[in-house]
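Structural characterization, general
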Amino acid sequence: MKNQKYLNSIKFLESLTNIPELKNLKKGEAKDLSFFIKRLEFLLKILGNPEKEFKYIHIAGTSGKSSLACFIQSVMSEAGIKTGGFFSPHLASITERIKMNNREISPGDLARLIDRLKPYYAVCAKSNPYGVPSYFETLITIALLYFKEKKCEYVVLETGIGSSFDATNIIPRAKALVITNIGVDHDRILGKTKIKIAKTKAKIIKNGSILLTGEEDPLLLKILEKNCEEKRSELKKINFNFRVVKNGLTGTEFEYKNNNYRTKIAGEHQIKNAILAIETINSIKDGRIGPKAIKKGLAAAWLPGRLEIIQRKPLIILDGAHNPDKMKTTADFVKNLEYKKLYLVIGLAESKNLYNTLKYIIPLGSQIYLTRFLFPGRKSKNLRKMSESAEKLTKKKIKIFVDPWQALEEALAKAKKDDAILITGSFFLAGELRKKWIKSRAL
């Protein structure tokens, strides 16, 4: 292997999932999960509170968080502002989660910072009543230490599931908060209805901040408005009044407020993310960021695994859509493409809404391959249950593969030059199979 030290560090990081759960929590703490924040607070305090060093743009929502964060960081980088970015999840390499001015943290720096943390984790194991920080909390800590080393001024911070106990809520205040939209995902934790999820996601609102949102449901907007009033914060609802100039495999072009903008990330839904980025940038009122930086930043922004065209003839698309909202936008995009047959390679995480996610995409497939991802520590959806749901949605042939590579091999063997293959349902699945075309620089 090219970088054994890095690989060993990643094994340590992933092993944090096997640390025993706490049994000595006080009454109420296990219910409200406040110990997640308290656990991280303990670590950051003994590290000198690096979270207090930056100006933050804090991003939550059901869909579009990573794309929005990418757009904002790209614009700020074009303006010459040192800007850190924290993203979740990653596609192929953990280094994708931590970026400074659009450049991923190096494998060497990531391994070095994990080694730096190990003595502090020994202190946590002995003295922190809430135990050793989790995988996600550790990644946030590494990001903060890295951004401090790089002397970042701003940090664009994407939440995990987004809630009062989300580890990103450790930050003291934000220059701007964004809730992209509110759909149903992580419902076992956040709630089974959009109203419950809205109340949970609103917990990122800090005192005296501005909250921007692309949400359009009046009931959900009332919840956000009420939370803003309680926190003496301003709510700004974005009006997506734009005109599509071009929408294709290579990205989009659109007109907004008498200006034309371009993106490389495909899908008409990315226009809304780009507009949210424009309005978020404008809300922080930093005079260094002008119209040219906004246009250049949006045009330069790029994320893999978001309707990524990885091959043509046959057309092969890698996409991480993993909830009903995201799968609907993926299905809408695929409907507008030209192909004879569509081969679907689909794998979902165990926690995802099965039928409501599959209902948008399964009917489009000529051949459906149901499979799983190989990411350790994360459970895939039961393949028998997936098959039973898919059978209710199509009469086309459905095959199950326990090995995703076999599913891909069969799709490649059967697809003709004028056909299409869509790999979707999970970033873990898309990231695994992406290795056929592109290898991670960390390996």
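For the structure given in this document, a descriptive report is provided here. (Residues numbered from 1 in each chain as written. Predicted model: local features only at pLDDT ≥ 70, side-chain atom pairs only at ≥ 80, totals over all residues. Heavy atoms only, no water.)

**Notes on unusual backbone geometry**
A cis amide bond links Ser-88 with the next residue in sequence, Pro-89, at an omega value of -5°. The topology assignment puts Pro-89 in the loop between strand S2 (83–86) and strand S3 (98–100). Between Lys-313 and the following residue, Pro-314, the backbone shows a cis peptide bond with an omega angle of 0°. Within the fold, Pro-314 resides in the loop between strand S12 (308–311) and strand S13 (315–318). (Helix = DSSP H or I, 4+ residues; strand = E, 2+ residues; numbered from the N terminus.)

**Concerning helix H8 (residues 194–201)**
Listed as buried for H8 are Ile-197, Ala-198, Thr-200 and Lys-201. Down the axis of H8, the buried side of the element spans an arc of 165°, and every buried residue falls inside it. (Buried < 20%, exposed > 50% of the residue type's maximum accessible area, 1.4 Å probe, protein only. Arc of directions from axis to C-beta.)

**Describing the packing of aromatic side chains**
According to the stated counting rule, one finds eight aromatic pairs in the structure shown. Seen in terms of ring centroids, Phe-54 and Tyr-56 are 6.1 Å apart; in terms of plane orientation they differ by 85°. Their pairing is edge-to-face. Each member of the pair, Phe-54 as well as Tyr-56, carries the same accessibility label: buried. Measuring from centroid to centroid gives 6.2 Å for Tyr-146 and Phe-147, while their planes differ by 55°, and the two rings are tilted. (Phe/Tyr/Trp six-rings, centres within 6.5 Å; stacked < 30°, edge-to-face > 60°.)

**Quick word on helix H15 (residues 404–414)**
Quick reminder: α-helices carry 3.6 residues per turn. Residues three or four places apart thus point the same way. Here H15 has its buried residues at Pro-404, Ala-407, Leu-408, Glu-410 and Ala-411. Projected down its long axis, H15 carries its buried residues within an arc of 165°, all on one side. Relative to its buried face, H15 has exposed residues pointing more than 90 degrees away, namely Glu-409 and Ala-413. Tucked inside the fold, the buried residues of H15 contact strand S14 (342–346), strand S15 (367–370), strand S16 (397–400), strand S17 (420–424) and helix H16 (427–434). At the N-terminal end of H15, a side-chain oxygen is found 2.9 Å from the backbone nitrogen of Trp-405, two or three residues along, and the residue is Asp-403. (Contact = heavy atoms within 4.5 Å. Polar contact = N/O pair within 3.5 Å; in protein donor to acceptor, adjacent residues only side chain to side chain.)

**Re the pattern of salt bridges**
Per the stated rule, a full pass over the model turns up 21 salt bridges. Across the salt bridge formed by Arg-39 and Glu-137, the nearest N and O atoms sit 2.8 Å from each other. Taken together, the residues Arg-39 in helix H3 (residues 35–46) and Glu-137 in helix H6 (residues 135–149) connect sequence positions 98 residues apart. Judged by relative accessible area, Arg-39 falls into the buried class, the value being 9%. Here Glu-137 falls in the buried class, since its relative accessible area comes to 2%. Connected through salt bridges with shared partners, the residues Lys-55, Glu-153, Asp-286 and Arg-288 form a single ionic network. (Salt bridge = Lys/Arg side-chain N within 4 Å of Asp/Glu carboxyl O.)

**Considerations on the environment of Lys-396**
Here Lys-396 shows up in the loop between helix H14 (383–391) and S16. In the structure, Lys-396 is positioned 31 residues away from Gly-365 in sequence and 7.6 Å away in space, judged by C-alpha atoms. Beyond its immediate chain neighbours, meaning those up to four positions away, Lys-396 contacts Gly-365, Ser-366 and Ile-368.

**Here we look at the side chain of Asn-227**
Relative to the helices and strands, Asn-227 is located in helix H9 (residues 218–230). Polar contacts involving the side chain of Asn-227 include one to the main-chain carbonyl oxygen of Ile-223, which spans 2.8 Å. Not counting residues up to four positions away in its chain, the partners in contact with Asn-227 are Ala-202 and Ile-205.

**Brief notes about the pairing of strand S10 (residues 251–256)**
Working note: regular strand, side chains alternate between the two faces of the sheet. Bridging between strand S9 (residues 242–248) and S10 involves six bridges; their strand directions are antiparallel. Pairing of Gly-248 across the sheet is with Gly-251, part of S10. Where S9 folds back on S10, the antiparallel hairpin that results is connected by two residues. Across five bridges, the pairing between S10 and strand S11 (residues 259–263) is antiparallel. The residue bridging Glu-255 from the neighbouring strand is Asn-260, located in S11. (Pairing = 2+ DSSP bridges.)

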